[in-house]
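Observations on the three-dimensional arrangement
Spelled out, the chains give:
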Amino acid sequence: MSGDSDRQCPVDGGIDQQEMISSKKNAVLVDGVVLNGPTTDAKAGEKFVEEACRLIMEEVVLKATDVNEKVCEWRPPEQLKQLLDLEMRDSGEPPHKLLELCRDVIHYSVKTNHPRFFNQLYAGLDYYSLVARFMTEALNPSVYTYEVSPVFLLVEETVLKKMIEFVGWKEGDGIFNPGGSVSNMYAMNLARYKYCPDIKEKGLSGSPRLILFTSAECHYSMKKAASFLGIGTENVCFVETDGRGKMIPEELEKQVWQARKEGAAPFLVCATSGTTVLGAFDPLDEIADICERHSLWLHVDASWGGSALMSRKHRKLLHGIHRADSVAWNPHKMLMAGIQCCALLVKDKSDLLKKCYSAKASYLFQQDKFYDVSYDTGDKSIQCSRRPDAFKFWMTWKALGTLGLEERVNRALALSRYLVDEIKKREGFKLLMEPEYANICFWYIPPSLREMEEGPEFWAKLNLVAPAIKERMMKKGSLMLGYQPHRGKVNFFRQVVISPQVSREDMDFLLDEIDLLGKDM
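Residues numbered from 1 in each chain as written. Predicted model: local features only at pLDDT ≥ 70, side-chain atom pairs only at ≥ 80, totals over all residues. Heavy atoms only, no water.

Quick look at the packing of helix 14 (residues 390–425) against helix 17 (residues 504–518) now. Running from amino to carboxyl end, helix 14 crosses helix 17 at an angle of 35 degrees, the nearest separation of the two axes being 10 Å. Handedness of the helix 14/helix 17 crossing: right-handed. Residues Leu 415, Tyr 418, Leu 419, Glu 422 and Ile 423 of helix 14 pack against Arg 504, Met 507, Asp 508, Leu 510 and Leu 511 of helix 17. Residues belonging to the contact of helix 14 with helix 17 are distributed by class as follows: seven nonpolar, no polar and three charged. (Axes fitted to C-alpha atoms, helices over the stretch in contact; angles between N-to-C directions. Helix = DSSP H or I, 4+ residues; strand = E, 2+ residues; numbered from the N terminus. Left-handed = near helix turned anticlockwise from the far one by under 90°. Contact = heavy atoms within 4.5 Å. Nonpolar A, V, L, I, M, F, W, Y, C, P; charged D, E, K, R; others polar.)

Printed below as a string of structure tokens:
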């Protein structure tokens, strides 16, 4: 049978003739498979990793802040399929071919770390978070028990505790999730469990008609969560907002009373701090008053706006958030912790999360382990395997400190203010409204429309402008900027400032480039 000498002999590389003979003599076969020694060529693998890392450094990291690079190398889907070797074959590809594929993937991917990528609510490159991601990818942990993920569980506990402090709670609970949408779903289910704990075991058949309330400007994940959880999208009441996109508290209370009158069971209000399009912040104190009067769970979706809590200057946008029962907050947005990095924070400290979600799997969460099993937090999650997302945020926080994160928020909002002032000065640019956060919504009005009366024909033609300019900028690769119609308003641009690599010059370039691309329309 095999001995120590066999384990020292890889069967596919770097062994001399004598070792090969010895290995063959001692070979152990099961179902025709030789079991002696590893079958992976470790040296070849290590060399590939080294060369791939060098490629990533040269083509991604070192070019991240270079405004002379393209934001994207646009190709339509069918053409891109031809340019990329996507086919998977019976035989593996050699390392040099794989490196060519890596280069192609980088070349044709959108450079979200480019200073002129303004398309989403995330952008830029945080070097410390990137290193943390490299580490976790290499270590490949799963954060469910202390025995397999001791460091990352302690990191998550520390980060959650600090985030809870910034919300304004003395204590609480929480967990990192794969996206703010999932955090909102967790909160909805947690609120339902608090209201009807029997649903966990007995299901929906005997439950009342549950109703929840949220802003008409809320994230679409609220409807998806209601559908997924069996509450039903018809039982999501959308509360009207004012001209700035904020929930109107009086309308909320009217709807709560109406639901009770109809025999339904209100159980949850979801407020929003930083709406996706307009960047609006709901009046949390007034909403919390209503929730207290009607014994409703208050969840605040602060996935986008939560990072303003880091700023002493801007945290007033979330005044009253300490009165919430749960909060969703995504550090991968304004704080650039790297996608994905999303926390659900819960004020309750009675193990409500665990009671709601635990399944007590005996092969993971044994209660007779030799260490403190309270650190086996995985049973609070609907997932089994779970990524150590908190580590990215922890590494960035350690590197920059609280003051550095505060400066990141303050700078982004100062640049937003600069852009607003420039839009007001320039002919052909028109703000939808004065922003209160980093969402700058505006129209570009080309010369051919500037003398036209703002009637139906004007708005119909203006509706075509943003999509046409977006197509031109992407095909040119000069920048990326989002647009959308919204609640009766025709297509407009939504510019979002996040990355500290963005400068005043990039703000000027944005407006100059839009004018350049659209002046012949």
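Before going further, it helps to spend a moment on the side chain of Thr 396. In this fold, Thr 396 is placed in helix 14. The buried category is assigned to Thr 396, whose relative accessible area is 0%. (Buried < 20%, exposed > 50% of the residue type's maximum accessible area, 1.4 Å probe, protein only.)

All chains considered together, the criterion is met by 42 salt bridges. With its nearest N and O atoms 3.2 Å apart, the salt bridge here joins Glu 78 to Lys 81. Here Glu 78 and its partner Lys 81 are both found in helix 4 (residues 77–83), three residues apart, which amounts to about one turn of the helix. Linking Glu 471 and Lys 475 is a salt bridge whose minimum nitrogen-to-oxygen distance equals 2.6 Å. Of the two residues, Glu 471 and Lys 475 both sit in helix 16 (residues 465–476), four residues apart, roughly one turn of that helix. One salt-bridge network, in which partners are shared between bridges, spans Asp 85, Arg 89, Glu 93 and Lys 97. (Salt bridge = Lys/Arg side-chain N within 4 Å of Asp/Glu carboxyl O.)

This brings us to helix 8 (residues 180–195). Counted at 1.5 Å a residue, the expected span for helix 8 with its 16 residues is 22 Å, and the 23 Å between its end C-alpha atoms agrees. For helix 8, the buried fraction is high: 13 of the 16 residues fall into the buried class. (Expected span 1.5 Å × (residues − 1).)

Here the focus is the UniProt feature "modified residue: N6-(pyridoxal phosphate)lysine" (unreviewed entry) in the protein. Mapped onto this structure's residue numbering, the UniProt feature "modified residue: N6-(pyridoxal phosphate)lysine" (unreviewed entry) falls at Lys 333. Turning to its location among the elements, Lys 333 is positioned in the loop between strand 9 (326–329) and strand 10 (342–346). A relative accessible area of 14% means that Lys 333 is categorised as buried. Each residue touching Lys 333, except ones within four places of it in the same chain, is listed here: Leu 121, Ser 303, Trp 304 and Ile 498. (UniProt positions renumbered as here; feature names shortened; annotations may be inferred.)

Right, let's get into the domain arrangement of the protein. Domain boundaries in the protein define domain 1 (142–387) and domain 2 (401–519). In this assembly, 29 residues from domain 1 lie in contact with 28 residues from domain 2. For the pair domain 1 and domain 2, the summed buried surface comes to about 2400 Å²; carbon and sulfur atoms form 60% of the total. If you sort the residues of domain 1 by the area they bury against domain 2, Arg 244, Val 277 and Met 334 come out on top, with a joint share of 26%. Our count for the domain 1 to domain 2 interface comes out at four salt bridges. The closest approach of N and O atoms between Glu 436 and Lys 246, which form a salt bridge, is 2.8 Å. At the boundary of domain 1 with domain 2, the tally comes to 15 residue pairs in polar contact (both at pLDDT 80 or more). Taken together, the residues that form the side of domain 1 that touches domain 2 break down as 13 nonpolar, nine polar and seven charged. (Domains from an automatic or database assignment. Buried area = accessible area lost by both parts, 1.4 Å probe. Polar contact = N/O pair within 3.5 Å; in protein donor to acceptor, adjacent residues only side chain to side chain.)

What follows covers the pairing of strand 12 (residues 439–444). Sheet faces and side chains relate simply in a regular strand, where the side chains alternate between the two faces. Counting buried residues along strand 12, six of its six residues qualify, which places the element largely inside the surrounding structure. Side chains Asn 439, Cys 441 and Trp 443 project from strand 12 onto one buried face, and the interleaved Ile 440, Phe 442 and Tyr 444 project onto a second face that is buried too. In this sheet, strand 12 lies alongside strand 11 (residues 429–431) in antiparallel orientation, the contact comprising three bridges. When the sheet's bridge partners are listed, Lys 430 is paired in strand 12 with Trp 443. Bridging between strand 12 and strand 14 (residues 489–496) involves four bridges; their strand directions are antiparallel. Paired with Ile 440 across the bridge in strand 14 is Gln 495. (Pairing = 2+ DSSP bridges.)

When pLDDT is averaged across the protein, the result is 93; 95% of the residues are at 70 or more. Confidence over residues 1–15 falls short of pLDDT 50; this stretch has 21 contacts with residues more than four positions distant or in other chains. (pLDDT = per-residue confidence, 0-100.)

Attention now moves to unusual backbone geometry. The peptide bond linking Ile 339 to Gln 340 adopts the cis configuration, its omega dihedral lying at 0 degrees. Its identity is not glycine, yet Ser 295 carries a phi of approximately 55 degrees, on the positive side. Examined against the element boundaries, Ser 295 turns out to sit in the loop between helix 12 (284–294) and strand 8 (297–301). The backbone of Asp 351 sits at a positive phi, close to 70 degrees, despite the residue not being glycine. With respect to the helices, strands and loops of the structure, Asp 351 is situated in the loop between strand 10 and helix 13 (352–357). The class of Asp 351 is partly exposed, set by a relative accessible area of 39%.

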